[in-house]
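Understanding the architecture of this molecule
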Amino acid sequence: MIFNPEKECMSREDLRKLQSERLVKIVKHAYDNVPFYKKKMDELGVKPEDIQSIDDIVKLPFTVKTDLRENYPDKLFAVPRKDIVRFHASSGTTGKPIVAGYTAHDVENWAEGTARCLAAFGASDEDTIQVSYGYGLFTGGLGAHDGATKLGAAVLPTSAGNTAKQIMLMEDLGSTGLCCTPSYALFLAEEIEKLGVKDKLKLKFGAFGAEPWTENMRKELEDKLGIKAYDIYGLTEISGPGVGGECECQDGTHLWEDMFFPEIIDPVTLQPLPEGQEGELVFTTLDKWGMPMLRYRTRDLTHLNYTKCKCGRTMVRMGRILGRSDDMLIIRGVNVFPSQVESVILEFPEFQGQYFITVDRINNVDTFQIDVELREEFYSENSADMEKYKSALTARLISVIGIKPDLRIVAPNSIERSMGKAKHALDKRKLQ
Ligand SMILES: [Zn+2]
């Protein structure tokens, strides 16, 4: 089902007009109300009147994550505090978190974006949607909750954790949709397998996001849970989950361009890249009033596809995220993304998607260790078997990544499971 055909299927020409109208208004709003943007634009010699259409977006300054930290907690808010109805914050590993403030209109738009995604995954008011994203400052829980509510579905707000109870309620209330991180979905799938209750579940689809995941992980989750697994994309700085989502074609993530304008830039030169080229994704919020973002650099590396999708939606499709440039590990001069490692591991039926990368520097040489779990049925005390699995996976990793990892096969269930966003790598060089 298409939740809002008027918007999701509008002609590219009409969309362009709407984007232009909205950009003109939001730039003026940001300039007049956020000293940070006034200063940035003044420095570039750009006035709100210089922005006449969406083509002028390239004249605007970029915003980066440290700008949000430096303006903690609310210096980027563009409305009086009485007009803010919700706060969220992203977990900062170092220093202050990033705080986002939303007006009632912003919360409404966010729910609209998430409802569009859920409808595209096949959900309707007939569904029971289990929200196993964490509820709280993290945008996952309440974001999915509001979208499912807007759709008229029944929400089962289990939040993350307490896995045995999650599965009991999933079975007893007949949840048809599951919203969580792909890592937590994998953990739930393992537990469901152990309990032997897969056939008693009514799950049809999963809305997975908040961390980059791969096509091989999709296959794994679809097989294990007996569902269709869809990508839902979003980030706190821009609103939360529901900035975009896949459709039934599973051929790219539609971005709701009437609300969030995407660009792809070269992360080094900061110049816009030609259509279809891989680069860093940048968003401008076109209809967000509490904390508007102009050209926010997401650090996500991907490409955009503007050809019309078979589903009928005209909105651009984003390719799989190769990784966050923040997640990229440079090991012995080679760029390595945890998502590449995950994808290779899942090519092998003997392994499951549980792995952990540790990078260190010993005697001035980078070390690159990957711990990976074998599936229970393949694990044995016979070291010859283990060697065979190890050398096959090592050879494949070398051919894809270009460097040799120190691969360690570990016992099933020995790698720590994640209830939220999984941490797949530790770079000890950064701790030195
Ligand atoms: Zn589509």
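Scroll up to find the structure this text is about.
Anyway, here's the lowdown on the structure attached to this text.

As a further point, take the overall build of the protein chain. Of regular secondary structure, the protein chain possesses 11 helices and 21 strands. The C-alpha atoms of the protein chain give a radius of gyration of 22 Å, which matches the 22 Å a tight globule of 432 residues would have. Across its three principal directions, the C-alpha atoms of the protein chain cover 75 × 55 × 40 Å. Going through the 432 residues of the protein chain one by one, you find that 57% of them count as buried. The contacts of the protein chain with a sequence gap of at least 6 include a subset with a gap of at least 24, amounting to 65%. Approximately 18300 Å² of the protein chain is accessible, and the part contributed by carbon and sulfur atoms is 52%. Here the protein chain holds 55 positive side-chain charges and 65 negative ones, and the gap between their average locations is 3 Å.

What follows deals with the packing of helix H10 (residues 338-345) against helix H11 (residues 383-401). The contact between H10 and H11 brings their axes to 10 Å, and the two run at 140°. Judged on the interaxial angle alone, H11 and H10 are oblique. Our pair here, H10 against H11, has a crossing hand that is right-handed. Here Val341, Val344 and Ile345 of H10 come into contact with H11, specifically with Leu393, Arg396, Leu397, Val400 and Ile401. Grouping the constituent residues of the contact of H10 with H11 by class yields 7 nonpolar, no polar and 1 charged.

This part covers empty space enclosed by the protein. According to the stated counting rule, one finds 1 cavity of 30 Å³ or more in the structure shown. The space that makes up the largest cavity amounts to roughly 60 Å³. In this structure, the largest cavity is lined by Asp106, Asn109, Trp110, Ser239, Met259, Phe260, Asp287 and Lys288. Considering every element that reaches the lining of the largest cavity, the biggest residue donor is helix H5 (residues 104-120), with 3 residues. Here the residues of the lining of the largest cavity sort into 3 nonpolar, 2 polar and 3 charged.

Quick look at the sheet that holds strand E12 (residues 296-302) now. Strand order in the open sheet formed by 4 strands is E10-E11-E12-E15, and the pairing between neighbours is antiparallel. In this open sheet, the two edge strands, each paired with only one partner strand, are strand E10 (260-265) and strand E15 (323-324).

What follows concerns the packing of helix H7 (residues 163-172) against helix H8 (residues 182-195). Between H7 and H8, whose axes approach to 10 Å, the crossing angle comes to 75°. Classified by the interaxial angle, the pair formed by H7 and H8 is roughly perpendicular. The segment H7 lies against H8, with Thr163, Gln166, Ile167 and Met170 engaging Tyr184, Phe187, Leu188, Glu191, Ile192 and Leu195. A class-by-class count of the residues in the contact of H7 with H8 yields 7 nonpolar, 2 polar and 1 charged.

Conventions we followed
- Residues numbered from 1 in each chain as written.
- Predicted model: local features only at pLDDT ≥ 70, side-chain atom pairs only at ≥ 80, totals over all residues.
- Heavy atoms only, no water.
- Helix = DSSP H or I, 4+ residues; strand = E, 2+ residues; numbered from the N terminus.
- Rg over C-alpha atoms; globule rule 2.2 N^0.38 Å.
- Buried < 20%, exposed > 50% of the residue type's maximum accessible area, 1.4 Å probe, protein only.
- Contact = heavy atoms within 4.5 Å.
- Areas by Shrake-Rupley, 256 points an atom, 1.4 Å probe, with all protein chains shown as cover.
- Lys, Arg positive; Asp, Glu negative; His and termini not counted.
- Charge placed at Lys NZ, Arg CZ, Asp CG, Glu CD.
- Axes fitted to C-alpha atoms, helices over the stretch in contact; angles between N-to-C directions.
- Parallel < 35°, antiparallel > 145°, perpendicular 65-115°, else oblique.
- Left-handed = near helix turned anticlockwise from the far one by under 90°.
- Nonpolar A, V, L, I, M, F, W, Y, C, P; charged D, E, K, R; others polar.
- 1 Å grid on protein atoms, 1.4 Å probe; cavity = no way out; pocket = protein on both sides within 12 Å on 5 of 7 lines; lining within 4 Å.
- Points joined across faces, edges and corners; volume = space filled by probe spheres on them.
- Pairing = 2+ DSSP bridges.

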